[in-house]
Amino acid sequence: MFQVDGGLSIIFVCKRYYTGKDVICHRFGRLYELPTQLARLGHQVTVLCLDYRNTDHRNSFMEDFGSGSVRWFVVPVFSIFSFEVREAYQIIKSSNPYLIIGSSDIPCLWLTSMLAKYCGVNYVVDLYDNYESFGQARIPGFRKVLKSSVREAGAVIVVSSALKEKVIDSYMPGGPVLIMNNGVAKSSFYEGDRKIARATLGLPEGVKLIGTAGSLSKMKGLDTVYEAWSRVESLTDDVYLVLAGRVEKGFPVPDGERVVYLGELPETQVGELFRALDVGIIPAHDSEFGRYCFPQKLYEMLACNLPVVGARVGSIEAVLQADPNMLFAPGDVDSLVATVLQQVRGPVLAVGVKTMEWVDLVKQIEPVILKSV
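Thresholds applied
- Residues numbered from 1 in each chain as written.
- Predicted model: local features only at pLDDT ≥ 70, side-chain atom pairs only at ≥ 80, totals over all residues.
- Heavy atoms only, no water.
- Buried < 20%, exposed > 50% of the residue type's maximum accessible area, 1.4 Å probe, protein only.
- Helix = DSSP H or I, 4+ residues; strand = E, 2+ residues; numbered from the N terminus.
- Pairing = 2+ DSSP bridges.
- Right-handed = clockwise from strand over helix to strand, strands pointing away.
- Salt bridge = Lys/Arg side-chain N within 4 Å of Asp/Glu carboxyl O.
- Contact = heavy atoms within 4.5 Å.
- Polar contact = N/O pair within 3.5 Å; in protein donor to acceptor, adjacent residues only side chain to side chain.
- Phe/Tyr/Trp six-rings, centres within 6.5 Å; stacked < 30°, edge-to-face > 60°.
- 1 Å grid on protein atoms, 1.4 Å probe; cavity = no way out; pocket = protein on both sides within 12 Å on 5 of 7 lines; lining within 4 Å.
- Points joined across faces, edges and corners; volume = space filled by probe spheres on them.
- Nonpolar A, V, L, I, M, F, W, Y, C, P; charged D, E, K, R; others polar.

Draft legend 1. Spatial organisation of the pairing of strand β12 (residues 208–213). Judged by how many residues are buried, β12 sits mostly within the fold: five of six residues are covered. Direction of pairing for β12 relative to strand β13 (residues 239–244): parallel, over a ladder of six bridges. Its bridge partner being in β13, Gly211 is matched across the sheet by Val242. Read from β12 through helix α8 (residues 222–235) to β13, the crossover connection turns out right-handed. Where β12 lies against strand β15 (residues 279–282), two bridges are found, and the strand directions are parallel. From the neighbouring strand, Gly211 faces β15, where its bridge partner is Gly280.

Written out as C-alpha cells, the structure reads:
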C-alpha cells in the first residue's frame with residue numbers, strides 16, 4: 001500500500017521562511033535537506049510548505065533524484081483550509097503516505113498531527129530548535145499544542161543532546177527521541193587560503209580579523225559582542241571586526257574605521273568569510289534560546305579550520321568541551337574580551353569536533369524513523 005517505485009510515500013510539513021532564508025528560492029538548510037535527502041534515498045516525498053507572508057503560491061515544483069522525488073506545494077497560511085489548496089490535500093490523501101513528518105514551528109506540528117489523522121497514519125516531529133523560545137509560543141494555547149504534538153508523535157527528531165533532555169523531561173514523548181544535528185555543506189565550508197578569501201571579499205590584509213555571521217540580534221548575543229568590541233578596539237591597533245548577516249531593527253552594527261559590515265551573504269560567501277577571519281565568535285545568552293539552539297555557524301567555522309571563541313552555554317559548550325580556554329561566560333564582556341585577545345595572540349584550533357554532511361545525517365536517521373511508526 002505504501003510502496004511507491006521501490007520507496008515509501010512520505011509527507012513533510014514545514015514553513016517557507018526560516019533563519020532569514022526562503023526554502024523554495026535558496027534550497028537551503030534543514031527544511032530543504034531533510035525531505036531532499038529522503039528522496040535521494042529513494043522515497044517519494046510531498047512537501048506542504050506554509051508561506052506566512054502569503055506570497056504567490058504558484059511556484060510549486062518537483063525535483064527528481066533517481067528513484068526518489070520531492071514535490072513541493074507552497075501554501076499561503078490563510079488558505080490552508082480553502083479551495084485553492086484542495087489539489088494539494090487530494091494528492092496527499094491519494095499518495096497513501098507511510099508517515100508524515102512535521103518541522104519548523106508549532107503551527108506546522110499541529111497541521112502534521114491533523115494530516116496524520118486525516119490520512120490514518122502516524123507522524124514524526126522534527127525540532128530544529130526549542131520552539132518554546134519562538135514568539136508564537138506566547139500565544140495562548142500554543143505551548144499546549146506543542147507538548148501534545150510531541151507527546152503523541154511516533155518519534156521525535158531533535159537537533160542536539162540538550163534539546164533531547166528537555167523534550168524527555170518536559171514533554172514525556174511516547175516514542176523514541178533521536179538526535180540529528182544540522183549538516184555542513186562542505187562545498188561551501190572548507191579549509192582554504194586566507195589571502196584569497198580576503199581578496200575575494202575585499203577585506204584588508206596585514207591585520208587581524210575577528211567576527212561572525214548570521215542574525216545580528218540581541219537574542220543571539222550580539223549585544224555582548226558589540227560591547228566587547230569597544231574594549232578590543234581600544235586595546236589593539238591591528239584588529240578589525242567583520243560582521244555579516246541580517247541586522248535587527250533598532251540594533252545597528254558598531255561604527256568605526258575598523259568595523260566592516262558585509263551585508264547578508266549567500267552561503268558560499270559566508271564560507272569565504274570564515275576562511276578570511278583570524279578568529280570566529282559564537283555568542284549566545286544563557287536563555288531559553290541559547291541553551292537549546294544548534295550552533296550552526298560554529299560547525300561551519302570549524303569546517304573552515306578557523307580558531308574560535310564561544311559562549312559557555314548549551315551545545316556551544318558541549319562542542320568545545322575539550323577546549324575550555326575557547327569559552328567565555330555568556331553575557332560577560334570582560335570574559336569575551338580576554339578570550340578573544342588570547343585567540344588573536346596565540347590562535348588554537350578546536351580538537352575532536354566532527355562535522356557531517358546532510359546526506360550522511362539523514363542516512364543514519366532514516367531507518368530509525370521508518371521503524372518507529
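Draft legend 2. Seen up close, the pattern of salt bridges. Applying the stated rule across the entire model yields 15 salt bridges. Among the ionic pairs, Lys166 bridges to Glu132, the shortest N-O distance being 3.5 Å. Of this pair, Lys166 sits in helix α6 (residues 161–171) while Glu132 is found in the loop between β9 (123–127) and α5 (142–151), placing the two residues 34 residues apart along the sequence. As a salt-bridge pair, Asp334 and Arg231 come within 2.6 Å of each other at their nearest N and O atoms. Residue Asp334 is located in helix α12 (residues 333–345), and its partner Arg231 is located in helix α8; the two are separated by 103 residues in the primary sequence. Sharing partners across several salt bridges, the network here consists of Glu132, Arg143, Lys166, Asp286, Glu288 and Arg291.

Draft legend 3. Examining the environment of Ser188 more closely. As for its placement among the helices and strands, Ser188 is situated in the loop between β11 (177–179) and α7 (194–201). Measuring from C-alpha to C-alpha, the distance between Ser188 and Glu300 comes to 8.9 Å, with 112 residues separating the pair along the chain. Among all residues touching Ser188, those that are not within four sequence positions of it are Glu267, Thr268, Gly271 and Arg275. Within the structure, Ser188 has its side chain in polar contact with the side chain of Glu267 (distance 3.4 Å).

Draft legend 4. Up close: the pairing of strand β7 (residues 68–76). Burial runs high along β7: eight of the nine residues are buried. Across eight bridges, strand β5 (residues 44–51) lies against β7 in parallel orientation. From the neighbouring strand, Thr46 faces β7, where its bridge partner is Arg71. The sheet contact formed by strand β6 (residues 61–65) and β7 spans five bridges and is antiparallel. When the bridges of β7 are listed, Phe65 appears paired with Gly68.

Draft legend 5. Structural context of the packing of aromatic side chains. For the coordinates displayed, the defined rule picks out ten aromatic pairs. An angle of 50° between the planes, with centres 6.2 Å apart, marks the rings of Tyr18 and Phe28 as tilted. Taken together, the residues Tyr18 in strand β3 (residues 17–18) and Phe28 in the loop between α1 (23–26) and α2 (29–40) connect sequence positions ten residues apart. You can call Tyr18 buried: its relative accessible area is 6%. Measuring from ring centre to ring centre gives 5.1 Å for Tyr131 and Phe134, while their planes differ by 40°; the resulting arrangement is tilted.

Draft legend 6. Broad picture of empty space enclosed by the protein. Scanning the model with the defined rule gives one cavity of 30 Å³ or more in all. Put simply, the largest cavity is a space of about 40 Å³. Taken together, Ile210, Val225, Ala228, Trp229, Val232, Leu241, Ile281, Leu336 and Val340 make up the full set of residues lining the largest cavity. Counting residues per element, the ones that place at least two in the lining of the largest cavity are α8 and α12. Residue contributions to the lining of the largest cavity peak at four residues, all from α8. Taken together, the residues of the lining of the largest cavity break down into nine nonpolar, no polar and no charged.

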